[in-house]
Amino acid sequence: MSDSSPLPPVRLHPETELARDALSTPLLSRAARLARWAGPDTRVDAGGGLAEEQLPAAAEVLGLTGDDAAACASEAWRVALDTGLVEIADEEEGTVTAGEDLALLTGGSPQDVLAVWQAALETVLADAGVPDLDDLVDAMGEGGELDLSQLGWDPDAEAEFLDGVLGNLYLLTVSEDGPGRSPVPLPALAASMIVPNDMGEPTNDVLEQVSDAMMRLDDQFRLLEPVGLVEYQPVDEALMADADEEPAAPVDETDVSRYGLVRLTPLGLYGLRARLLEAGFTAPAVGDLVDKGADALLDGTAAFPPGAAQAETEQWLTRRQALPAARELLAAARGSDAGAPLRRLRCQQALSLVGAEAEPALREVLDDPELGGLARVWLTERGAPDVPAPSEAMVFWLTIDTVAAQLAAEGNSDELRALVSGLAEQHSGFFTAVWRVNHPATAEVLEAMGRLHPDKRIAKEARKAAFKARSQG
């Protein structure tokens, strides 16, 4: 995943709702409870962790029982310390006091609460990249020194792998042609990091790597669920009856749920987007443009998929009156730069959401060479009276502009192929006249038509017309 191209926009829940979700996550709520429980008699060790004799009382406060109660209490305490809910009052004495950030959970803004939760997430993500404690003990060399080479653990590589997995999960969730909020099978997520895109049938070695990655991710997602990042259905333990044998990647799709299913929560989407932004990615969210001008709206939604572009535009329009909004959109749609055709397409799509009260704005641009065709389409679709017929030059100009916009938005899509196929049939002598159109994208559009049209004779006509268009330039 490259940080140079924008990711699809995410639709986030309101921050007030996300803050409530954060406060109710098991890990943060436990950390807050321990922070309120801690007092003058609470003791910590040299690393700031709860002293071992304190763990039973901490587990009791949290209502934890069972073999892992002490470990869960210790983890909650570490989160409380890392997020500033508790602070070390005296390192020599090992005493603690309530941290300044504890008050934010009850008296702060939603953004304050989410900042505390984000810090908790970072703690858990760091823990998720650390091998099992038993493995660490086995890797201790002589003299009690940790031998990472023996363990085969590279902390940087492990963190990069988990970041990559979470990035792919985010991309799958926000892409309009992806599974959305449906759970993603763990094998598919592991394979997205291991199997090369151009590989047909995976080799046994690659399948073994996918299986190893699945088991690592199973452990990691079990850790990440209590902080509210994901909803996770773990790998069925019956598949691992032999403790020394890891399950192979599944083949039977009906059985895939037994190999783990993971889904980002609304809070998880918020948290991962914040991390992506911090890492330098362009990760837009629907609603980012509502307070900006029409130029920012049209440019900003240029790369959005259709559903997200419409959602962003609808939010933008709800903040404005129809007539001035239409005038602002039309003014922003003008231009002869490379991005102008797609701006005009987004403008046309935005105006389709505006009511009849915008009609004066459209009539004002009927004589505009760049907007007149667009205005006629809008007025005709609404049954407006006295709409002047377009000249042939305007029809051809609008045709070139429309195809240029579709090329920029979708590339060589099936929809564009259908549009190209229909154009030559609708206009007799189309290529004889269209190469003369005074539009910056004329030659590019004709070359695309020559590339995309299924009829070889017509495709050849398009290429000849493209050559003429370039020659006259």
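Values in this document were obtained by computation on a predicted structure and should not be read as measured data. (Residues numbered from 1 in each chain as written. Predicted model: local features only at pLDDT ≥ 70, side-chain atom pairs only at ≥ 80, totals over all residues. Heavy atoms only, no water.)

Caption draft 1: Representation of the environment of A409 within the structure. Mapped onto the elements, A409 comes out in helix α19 (residues 392-410). A409 sits in the partly exposed class, given a relative accessible area of 35%. Expressed as a C-alpha distance, the spacing of A409 and L342, which sit 67 residues apart in the sequence, is 6.9 Å. (Helix = DSSP H or I, 4+ residues; strand = E, 2+ residues; numbered from the N terminus. Buried < 20%, exposed > 50% of the residue type's maximum accessible area, 1.4 Å probe, protein only.)

Caption draft 2: Expanded view of the packing of α19 against helix α22 (residues 442-452). In the contact formed by α19 and α22, the axes pass within 9 Å of each other and the chain directions differ by 70°. Looking at the two axes, α19 sits roughly perpendicular to α22. Considering the relative orientation of α19 and α22, their crossing is left-handed. In contact with I400, V403, A404 and L407 of α19, α22 contributes T442, E444, V445, A448 and R451. (Axes fitted to C-alpha atoms, helices over the stretch in contact; angles between N-to-C directions. Parallel < 35°, antiparallel > 145°, perpendicular 65-115°, else oblique. Left-handed = near helix turned anticlockwise from the far one by under 90°. Contact = heavy atoms within 4.5 Å.)

Caption draft 3: How the structure looks around the pattern of salt bridges. Overall, the coordinates contain 19 salt bridges when judged by the stated rule. Between R275 and D163 there is a salt bridge; the shortest N-O distance is 3.1 Å. Remark: D163 occurs in helix α9 (residues 155-174) and R275 occurs in helix α12 (residues 266-278); sequence separation between them is 112 residues. Take R275: its relative accessible area is 22%, and that puts it in the partly exposed class. Across the salt bridge formed by D291 and R319, the nearest N and O atoms sit 2.7 Å from each other. One end of the pair, D291, is in the loop between α12 and α13 (294-300); the other, R319, is in the loop between α14 (306-318) and α15 (322-333), and 28 residues separate them in sequence. For the pair shown, D291 and R319 are each scored as exposed. (Salt bridge = Lys/Arg side-chain N within 4 Å of Asp/Glu carboxyl O.)

Caption draft 4: Main features of α22. In terms of residue burial, α22 counts as a mostly covered element, since eight of its eleven residues are buried. The complete set of buried residues in α22 reads T442, A443, V445, L446, A448, M449, G450 and L452.

Caption draft 5: Expanded view of the nonpolar core. If you look at the biggest cluster of nonpolar residues, it comprises 76 residues, and the most contacted ones within it are L85, Y170, F221, L229 and V230. Broken down by element, the residue count for this core peaks at nine residues, all from helix α6 (residues 110-128). Not counting residues within four places of it along the chain, the set of residues in contact with L85 comprises L28, A31, A32, A35, A80, A98, G99, D101, L102, L105 and V116. Among the nonpolar cores identified, the runner-up in size contains 28 residues, and A325, L330, A375 and L379 belong to it. (Core = buried A, V, L, I, M, F, W, Y, C linked by side-chain atoms within 4.5 Å.)

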